[in-house]
Amino acid sequence: MDFAMASQSPSKRSVEEGPITGDLHEVTPVKTSRRDVRYFEATTQTGQGDYRRVLCFSPEKRAVFQQATVTKQSVKSIDAQKTTSSSNPGTFDVLVSSRSSAEAQSSCRFPGESRVPQRKCQSRTS
């Protein structure tokens, strides 16, 4: 993964932008935040045993994510952001916005691993 460091203010969580590719697991239904923002979550596997939380703030991309999960394809997100995880400090979350693109790849990169660890975070919906 190649990420170029984005500019940031000292008070914000660190952010890097760039493409990220991973196998998808656990795509949630679309939720609405307390601030009335629609989003869905997923888990992406970016390496052998390396799972990351995905927050997608572009509900229209859910069909691509869900289809990739069903057909066991990886998804490459262009212009995704890696940001310090608020729910699991020391790791990062992947943020996908409406300006990010999501493309299904040919097949899963880690077909032997189908067990996804339980999420430690709780949903932040109202």
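Above this text you will find the structure in question.
Each residue is numbered by its place in its chain's sequence as written, counting from 1. Where totals are concerned, whole chains, interfaces and linings use all residues; where local detail is concerned, this predicted model gives features only for residues with pLDDT of at least 70, and gives and counts side-chain atom pairs only at 80 or more. Hydrogens are left out, water is left out, and the side-chain values use all remaining heavy atoms of the structure.

Visitor: An account of the environment of Cys56 is requested, with residue identities and associated values reported.
Guide: In this structure, Cys56 sits in strand β5 (residues 50–56). Relative accessibility under 20% of the residue-type maximum defines a buried residue, over 50% an exposed one, and the middle range a partly exposed one, all with a 1.4 Å probe and only protein chains included. Residue classification places Cys56 among the buried residues on the basis of a relative accessible area of 0%. The spacing of Cys56 and Leu95 is 39 residues in sequence and 5.9 Å in space, taken between C-alpha atoms. Setting aside residues up to four positions removed in sequence, Cys56 forms contacts with Arg38, Tyr39, Phe40, Lys61 and Val96. Each helix is a run of H or I in the DSSP string that is no shorter than four residues. Each strand is a run of E no shorter than two, and both are numbered from the N terminus. Here, residues are in contact when the closest pair of their heavy atoms is within 4.5 Å.

Visitor: Can you lay out the environment of Glu26 for me, pointing to particular residues and giving the numbers?
Guide: Turning to its location among the elements, Glu26 is positioned in the loop between β2 (15–25) and β3 (31–32). Relative accessible area serves as the criterion here: at 35%, Glu26 is assigned to the partly exposed category. Separated by 16 residues in sequence, Glu26 and Ala42 have C-alpha atoms that sit 5.2 Å apart. Any pair of N or O atoms that falls within 3.5 Å is considered a polar contact. Within protein, one atom must be able to donate a hydrogen and the other to accept it, and sequence-neighbouring residues count only if both atoms are side-chain atoms. Of note is the side chain of Glu26, whose polar atom sits 3.3 Å from the side chain of Thr43.

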